[in-house]
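Residue-level listing of the chains:
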Amino acid sequence: MKVSVGFPLGSDGPLGRAAAVAGSHPSYRLEGVNGSTRVAVELDLPEDWRLLDDFSGLLRGEGQAEYAADGAAISGEELFEGLRCFLRKQRSGTPAREWCTPRKLADKQLFPCRQIHVYDNEHLTDNSWYAFGTMGEDGAFEVDKDAITDRVLSDLGPCVRCPILDLDTTAEIVARLPEKIDPAKEIGWGYREDGPLTGWRVVKARDGGEEKASPQEEREGLIERLARSVRNGGAGVAVGGAVGSRNVPATRYEDVGGMRETITLVREAVELPITHPEIFRKLNIRPHKGILFYGPPGTGKTLLARAVAHESGAHFIAVSGPEILNKYWGQSEARLRSIFNEARAKAPAIILFDEIDSFASSRDMMSESFEATLVSQLLSLMDGLNDLGRVCVIATTNRPGAIDSALRRPGRFDHEIEIGLPDAEARLHILEIHTREMPTSPDLDLEHIAQHTGSYSGADLEALCREAALVCMRRTINLRDLEKRVAPHQLSALSVTTYDFRTAMRRVGPSIRR
Ligand SMILES: Nc1ncnc2c1ncn2[C@@H]1O[C@H](COP(=O)(O)OP(=O)(O)OP(=O)(O)O)[C@@H](O)[C@H]1O
Ligand SMILES: [Mg+2]
């Protein structure tokens with residue numbers, strides 16, 4: 001980590017001593033002219049920690065001192081708050097490893113930092129990683145990795161900036177945890193029953209014999225590697241072996257209506273590099289790293305991104321722009337990095353930045369330097385992607401003009417695909433998709449509906465189908481009878497007609513009126 005420190009040149013007092021300390025560093029320079037001369041140094045952490053430690057004492061409360069961490073401006077309080085644990089540990093003289101991964105936690109500690117209180121312990125506690133999640137109806141426990149990530153980031157607090165914390169490894173560890181635990185099928189797991197099934201938890205099975213040697217060995221291997229990574233100052237842990245289960249959406253191309261040509265474009269840009277990398281190698285061209293879908297709301301941009309992930313078997317990570325800004329306020333950069341690491345660990349992968357304009361709007365227009373930093377971070381993460389099509393980033397927006405032009409340069413979001421409002425033929429296709437599983441009357445004339453729903457978006461058409469079904473229900477079933485069970489003959493009388501659609505159109509109009 002590079003930390004730049006700048007402060008006014010003084011001849012005595014704390015500023016004078018700080019200048020003397022800075023003078024001992026090769027990067028020492030003076031800036032500005034007489035009267036307003038400033039001292040500037042560029043420190044490398046962890047190596048130059050002593051100087052920074054001295055500054056932390058000498059420059060405390062110095063309003064004119066300025067700091068930057070890896071190029072991003074940061075306040076002195078924030079910087080030193082984040083380095084508190086690191087500096088304390090350096091001063092103590094104990095090897096970092098002993099501090100970050102103390103021996104007494106050796107077989108429980110999952111993350112290479114003891115600030116993070118999420119463990120791989122034998123007995124379920126609120127801090128066990130397998131305490132995060134919910135029990136599904138099918139008796140399989142779904143691990144909530146978002147919740148684990150939230151917890152990790154909140155435990156770290158400002159220490160996400162620790163120069164020896166290996167955030168990449170931390171993200172990788174979360175990515176490697178299983179997505180699901182099914183005690184009915186998996187050895188080594190049991191249930192803790194409490195009330196209805198959805199309230200059950202999972203625990204590690206302790207009835208001896210079952211605990212195989214191999215997972216234990218694997219875990220020791222991981223801890224060993226983490227310890228090594230911490231010792232090496234966070235050089236990262238090589239990705240190897242099987243990676244935990246993947247999140248591949250269930251949406252298929254056939255669920256996306258009226259986009260035949262767009263789908264062809266998207267397949268070429270996203271799916272082909274994943275499924276047939278040899279073509280790109282042979283032609284010696286680099287696939288697009290980033291693709292921008294733009295168009296009015298509800299036209300199926302998110303839907304299409306999910307479908308292409310499904311069809312190419314890619315691990316899918318959806319990130320919503322507003323969420324990155326609000327929910328992870330202050331930790332957004334760490335969150336962004338962990339997202340890219342997860343994608344790399346589980347490649348092929350597609351990262352979807354939904355509503356990217358919310359944080360990647362033109363930097364000039366931004367007052368918040370924080371958002372600008374976020375864009376820079378995204379840019380550098382995208383520049384760092386060398387996986388040749390194995391990791392593809394898709395961004396969606398309704399306002400392509402509002403996006404920082406640096407994001408649209410070659411090697412970034414350099415391929416733009418417009419997803420417009422559907423025409424009559426496309427509308428028919430979308431109506432067919434959303435009535436596929438509905439009981440419909442043989443004389444339902446979807447073509448007629450498609451003709452009369454100009455400027456409806458895909459989402460509007462979906463809402464229209466739902467409303468038509470409700471109209472049909474109100475027409476067929478007497479709501480006053482609902483106390484009683486609906487008789488089978490009433491159910492079989494449900495059949496959606498053109499009339500129901502026409503009634504529904506009075507309630508559900510196009511969301512964009514021109
Ligand atoms: N082309 C389409 N074919 C089938 N269904 C569609 C289509 N477009 C939209 N829909 C329906 O509308 C819903 C919302 O669409 P989606 O979220 O993909 O829109 P969007 O373009 O991402 O909108 P926004 O810009 O508001 O994020 C989808 O889940 C789907 O049910
Ligand atoms: Mg969307």
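Bear in mind the structure is a predicted one, so any value in this text is a computation, not a measurement.

### Thoughts on the overall build of the chain
- Assigned secondary structure in the chain consists of 18 helices and 15 strands.
- Evaluated residue by residue, the chain yields a buried proportion of 36% over its 514 residues.
- In the chain, the share of contacts with a sequence separation of at least 24, taken over all contacts with a separation of at least 6, comes to 74%.

### Notes on unusual backbone geometry
- Each neighbour pair has its own omega, and for leucine 45 with proline 46 the value is 5 degrees, a cis peptide bond.
- Examined against the element boundaries, proline 46 turns out to sit in the loop between β3 (38–44) and α2 (49–58).
- In this model, aspartate 70 sits at a positive phi of 50 degrees, which is unusual for a non-glycine residue.
- Within the element layout of this structure, aspartate 70 appears in the loop between β4 (66–69) and β5 (72–74).
- The phi angle at serine 455 is positive, at roughly 60 degrees, despite the residue not being glycine.
- Relative to the helices and strands, serine 455 resides in the loop between α15 (446–451) and α16 (458–476).

### Re the site of ligand 1
- As a matter of local geometry, ligand 1 sits amid 18 residues, with Gly257, Pro297, Gly300, Thr302 and Gly458 nearest to it.
- Secondary structure elements with two or more residues in the shell around ligand 1: α10 (301–311), α14 (424–435) and α16.
- Residues of the shell around ligand 1, tallied by class, amount to 7 nonpolar, 9 polar and 2 charged.

### Things to note about the pairing of strand β11 (residues 290–294)
- Along β11, 5 of the 5 residues are buried, which leaves the element largely enclosed by surrounding structure.
- The alternating pattern of β11 places Gly290, Leu292 and Tyr294 on one face and Ile291 and Phe293 on the opposite face, and all of these are buried.
- With 5 bridges joining them, β11 and strand β14 (residues 391–397) adopt parallel strand pairing. Counted as the bridge partner of glycine 290 is valine 393 from β14.

### What to know about the packing of helix α1 (residues 13–23) against α2
- Running from N to C, α1 and α2 point in directions that differ by 170 degrees, and their axes come no closer than 10 Å. What the angle tells us is that α1 and α2 run roughly antiparallel. In this structure, α1 contributes Pro14, Arg17, Ala18 and Val21 to the contact, and α2 contributes Leu51, Asp54, Phe55 and Leu58.
- By residue class, the composition of the contact of α1 with α2 is 6 nonpolar, no polar and 2 charged.

### Some points on the sheet that holds β11
- Strand order across the open sheet formed by 5 strands is β12-β13-β14-β11-β15, with parallel pairing between neighbours. Only two strands of the sheet have a single neighbouring strand rather than two, namely β12 (315–320) and β15 (413–418). Sheet twist, expressed as the mean angle between neighbouring strand axes with direction ignored, is 20 degrees.
- Relative to β15, β11 runs parallel, the two being bridged by 5 bridges. Following the sheet pairing, phenylalanine 293 is matched in β15 by isoleucine 417.
- Sitting on the sheet, helix α8 (residues 260–275) touches β11, β13 (349–354), β14 and β15, and the angle it makes with β15 is about 160 degrees.
- Along the sheet face, α10 touches β11, β12, β13 and β14 and points at about 170 degrees away from the line of β13.

### Focus: helix α12 (residues 332–345)
- An ideal rise of 1.5 Å per residue puts 20 Å on 14 residues; α12 measures up with 20 Å between its terminal C-alpha atoms.
- Most of α12 is tucked away: 12 of the 14 residues are buried.
- When α12 is considered as a whole, its buried residues turn out to be Ser332, Glu333, Ala334, Arg335, Leu336, Ser338, Ile339, Phe340, Asn341, Glu342, Ala343 and Arg344.

### Concerning the pairing of β13
- With respect to burial, β13 is a largely interior element, 6 of its 6 residues being buried.
- On β13, burial covers both faces: Ala349, Ile351 and Phe353 on one face and Ile350, Leu352 and Asp354 on the other are all buried.

Basis of the calculations
- Residues numbered from 1 in each chain as written.
- Chains lettered and ligands numbered in written order.
- Predicted model: local features only at pLDDT ≥ 70, side-chain atom pairs only at ≥ 80, totals over all residues.
- Helix = DSSP H or I, 4+ residues; strand = E, 2+ residues; numbered from the N terminus.
- Buried ≥ 20, exposed ≤ 12 C-beta atoms within 10 Å, placed from the backbone.
- Contact = placed C-beta atoms within 7 Å.
- Near = placed C-beta within 6 Å.
- Nonpolar A, V, L, I, M, F, W, Y, C, P; charged D, E, K, R; others polar.
- Pairing = 2+ DSSP bridges.
- Axes fitted to C-alpha atoms, helices over the stretch in contact; angles between N-to-C directions.
- Parallel < 35°, antiparallel > 145°, perpendicular 65-115°, else oblique.
- Expected span 1.5 Å × (residues − 1).

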